[in-house]
Amino acid sequence: MGGATLLKESGPREVFCGLTSIVWLHRRMPDAFFLVVGSRTCAHLIQSAAGVMIFAEPRFGTAILEERDLAGLADAHDELDRVVKDLLARRPEIRTLFLVGSCPSEVIKLDLARVAERLNGSLTGGVRVVNYSGSGIETTFTQGEDGALKALVPLMPESNEEQLLLVGTLANSVEDRFITLFNRLGIKNVASFPPRQSTDIPPIGPRTKVLLAQPYLGDTARALKDKGAEILKAPFPLGVEGSKGWMEAAAKSFGVQDSLFTSTVEPLIIRARKALEPFREKLSGKLLFLLPESQLEIPLARFLHQECGMKLIEVGTPYLNREMMNEELELLPEGTRIVEGQHVEKQLDRIRQEQPDLVVCGMGLANPLEAEGISTKWSIELVFSPIHGIDQAADLAELFSRPLHRRNLLNPKVLSQV
Amino acid sequence: MELTLWTYEGPPHVGAMRIASSMKDVHYILHAPQGDTYADLLFTMIERRGSRPPVTYTTFQARDLGGDTAELVKGHIKEAVERFKPSALLVGESCTAELIQDQPGSLAQGMGFDLPIINLELPAYSKKENWGASETFYQLVRGLLKDQPKESEHISTAWKEEGRRPRVNLLGPSLLGFRCRDDVLEIQKILGAHGIDINVVAPLGAKPADVLRLPKADINVCLYPEISESTCSWLERNFGMPFSHIVPIGVNATQDFLKEVHQLLGMDPPTIEQGNHQSKLTWYSKSVDSNYLTGKRVFIFGDGTHAIAAARIAKEELGFEVVGLGTYSREMARHVRSAAKELGIEALITNNYLEVEAAMAEAAPELVLGTQMERHSAKRLGVPCAVISTPMHVQDVPARYSPQMGWEGANVIFDDWVHPLMMGLEEHLIGMFRHDFEFVDGHQSHLGHQGGLQNENDLPNESNTVSNEETPIWTSDGKAELAKIPFFVRGKVRRNTEKYARQAGCRNIDSETLYDAKAHFRA
Ligand code: SF4
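Values in this document were obtained by computation on a predicted structure and should not be read as measured data.

A look at the site of the ligand
Every one of the 13 residues lining the ligand counts as a neighbour, but Cys17, Cys42 and Cys103 of chain A together with Gly35 and Asp36 of chain B are closest to it. Per-site note: the chains with residues close to the ligand are chains A and B. Counting residues per element, the ones that place at least two in the shell around the ligand are α2 (40-50) and α5 (103-107) of chain A.

Written as structure tokens, this is what we have:
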């Protein structure tokens, strides 16, 4: 490891729970429905995180527990059956129903696995029911996707064919681009998980090689490994270097000739570095502070330091999975302060004290920090935007330089100081 | 268990947050898991607040549940009190903590702090946001005032003997309420012009110390019954302070409000004549240009206060026809029902936006007044819409001064409602002229896919002209006539004509049938 300093902190946190992942998962798999079994808070969280409310018929909803559901679990089971049947009757296009556990459903010990099993036995019409937890007492933000994917692993058919499996939701355009590039390298059999249709679940077997596209899929990775797949060790595909390392891991594993890899990837790298240059100029030497939220913090810090020249003050992460982050930690500079967990008040104190040029944070904290004169970038935008891959490196850097650029436009005085 | 795809109101503890965030020197300890911190963004993003809500979430995790969560809660309380030094502390739970029953309020009360601690019990599985806000405000006021010695007898005309100007409290304005900040300024201005001072505004901008001064006012003004009616009633019962019940939204309601306040204070009410010159709405609505507004069909849905007010303005001040009125607020259902009854329609009380959308489509309005959700539904139906109530979006918190209450509020309302109607008319004209060469490149409608363009959904197509016993057949002549009717009433005309044709036993609908039906329904 590159000598990062790992610290732990606990206290009041300011992090979304795993339910939030539904916001992008439902868009990824349009034939699936995500039914949270929870409270009005859970319903309100998802619609607030999703921001807009333009859906005629959204593909997510909440079965809101009421007083009498709490009084008797037997009734709660019957009620849930009723809600599911009503829903499916109204929405015949649903192929996969995710029952998503929440804090209340977990505290009252509503066993959604059993409910799913029972519903699978009784439902006709080719709807599959799976379950996972997105509760805030168990999961943070992006971990919800880990749970959802892990729940799909048992449905993966077995196959002995050699294939490359990309795991983690990517923007469709980015995913297509990766597939094209792998094809150019001669890796023809490339599948994605989650698939674009929930029924289109890729097969798995001992000759499946997994590239994790997102850093928050620890449980899914373990489940895939248990199915015999090989998890390739690589940094995550953010920035030129991360994406190169990521693709290289696949290339090596598939025996792609070095010369072919270089001739395919090198022109992209040269182009991307050139595109990065103006942003590097803006970001270089600037102080960066990342609050814990999306779990992308460590790979982002690596990119912004290594390729954009930013100075890392602190890299927060909701939790640290050493195995998943090993490659990334290696690439961080000596002494990088990595803080696992959170005490939001103390963290804000440190921000005020160290006056970073840019803070990556959640939506609840962005405007208050801006009001204190500190530029911010919302982390939630990073999970919605096409940011992965060599070709996207400049776009990714632009996301971070825009707030600084804007600040300069609005504060000519600041401009002369820097 | 209730399937909810989208909810008009958040949970009750979000209501409590609205009260805490509206006030100064108050801190709220919320026993809740980390995900519940999302609620901060309602304030920092929708209201664009430059400060965090004064809330400490205990963010307990599954692994804490085995151990001593009570100690965890106490640790958070101690730290928050030391750090934020509030002069009153609210302590409560969100839905999950309610289930584990740590009693954080009692824990806090047992910690020996020298400050008022309000224990909030907000049942998360049966109540919602507005109720939570109302209850929190009530508990806070009660908690701070319950030990205060009561005046022997409260006389709301005491100002006369005391030789001072009368003074009132404005109760109910809060963050995440609809245009509260500007309403307060407007009402303050209007009352000031009548020689009435403001004693305290609460919760918005008030400190606990201000709450202690509430009984010093002659009367209370209940600006938003959803939030402050229970508090006003309590102050009436315990301090003998009367309160006003009329919400001053619209010219007529503002007149009535002024009359009520004057009477409560023992003053001579201003004449109607005086009031009519204060807002431009009255004259604008009379001006010939507004003939166009006559009988416009309007569908109204929102919180109770704004929906009821909108119905009155629509009918009495703009000459619209109210074809739908409803609320998502269970607490206000009774009031909305009686308002609807007076209009000869049935109120829609629901928390399900799809039901609202269906009722909207059925009512075939020309203008929708609703929340952000109705704006989206109306867009899908190609009907113009103005937002009159929460839940709202960031664009409903305008930078400019734009109250709903008082004279200026009436001006804002005239503009906000008539503008989308005019845009709707424009869309129709564009639709009519779309075959002209200026438009051949396609016109992007601000009303979504259906605005402007002839709305194919409202025209009978092949599949629904299939002959059966029930459905009369549209001849091509009938269809051509129907297509000439403005898109925003076409659905209604089509249904009426089919109804008429069935009643009259006519199998084919041609242009004459359309005219017959029109005459029939006019008669
Ligand atoms: S933290 Fe728990 S209770 Fe809160 S929204 Fe998330 S799952 Fe629901």
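Some words on the packing of aromatic side chains
Residues and elements named next belong to chain B. Counting across every chain of the model gives 14 aromatic pairs over all chains. An angle of 50 degrees between the planes, with centres 5.4 Å apart, marks the rings of Tyr8 and Phe301 as tilted. Of the two residues, Tyr8 sits in the loop between β1 (2-4) and α1 (12-22) while Phe301 sits in strand β10 (residues 297-302), which places them 293 residues apart along the sequence. Grouping residues by exposure puts Tyr8 and Phe301 together as buried. Ring pairing ties together the aromatic residues Trp6, Tyr8, Phe301, Tyr328 and Tyr353, which thus form one cluster.

Some thoughts on the side chain of Gln163 of chain A
Within the secondary structure layout, Gln163 of chain A lies in strand β6 (residues 163-167). When near neighbours in sequence (up to four residues on either side) are disregarded, Gln163 of chain A contacts Asn189, Ala191, Pro203, Ile204, Arg207, Thr208, Lys209 and Phe254 of chain A.

Here's the deal with the pattern of salt bridges
If you walk through the whole model with that rule in mind, you get 44 salt bridges over all chains. Residues Arg337 of chain A and Glu354 of chain A are paired through a salt bridge, measuring 2.9 Å at the closest nitrogen-oxygen approach. Of this pair, Arg337 of chain A sits in strand β12 (residues 337-341) while Glu354 of chain A sits in helix α14 (residues 344-354), placing them 17 residues apart in sequence. By relative accessible area, which is 21% here, Arg337 of chain A ends up partly exposed. With a closest N to O distance of 3.0 Å, Arg312 of chain B and Glu316 of chain B form a salt bridge. Note that Arg312 of chain B and Glu316 of chain B are positioned in helix α15 (residues 304-317) at a spacing of 4 residues, about one turn of the helix. Taking relative accessible area as the criterion, Arg312 of chain B reaches 27% and is therefore assigned partly exposed.

Quick notes on the rules
- Residues numbered from 1 in each chain as written.
- Chains lettered and ligands numbered in written order.
- Predicted model: local features only at pLDDT ≥ 70, side-chain atom pairs only at ≥ 80, totals over all residues.
- Heavy atoms only, no water.
- Near = heavy atom within 4 Å.
- Helix = DSSP H or I, 4+ residues; strand = E, 2+ residues; numbered from the N terminus.
- Phe/Tyr/Trp six-rings, centres within 6.5 Å; stacked < 30°, edge-to-face > 60°.
- Buried < 20%, exposed > 50% of the residue type's maximum accessible area, 1.4 Å probe, protein only.
- Contact = heavy atoms within 4.5 Å.
- Salt bridge = Lys/Arg side-chain N within 4 Å of Asp/Glu carboxyl O.

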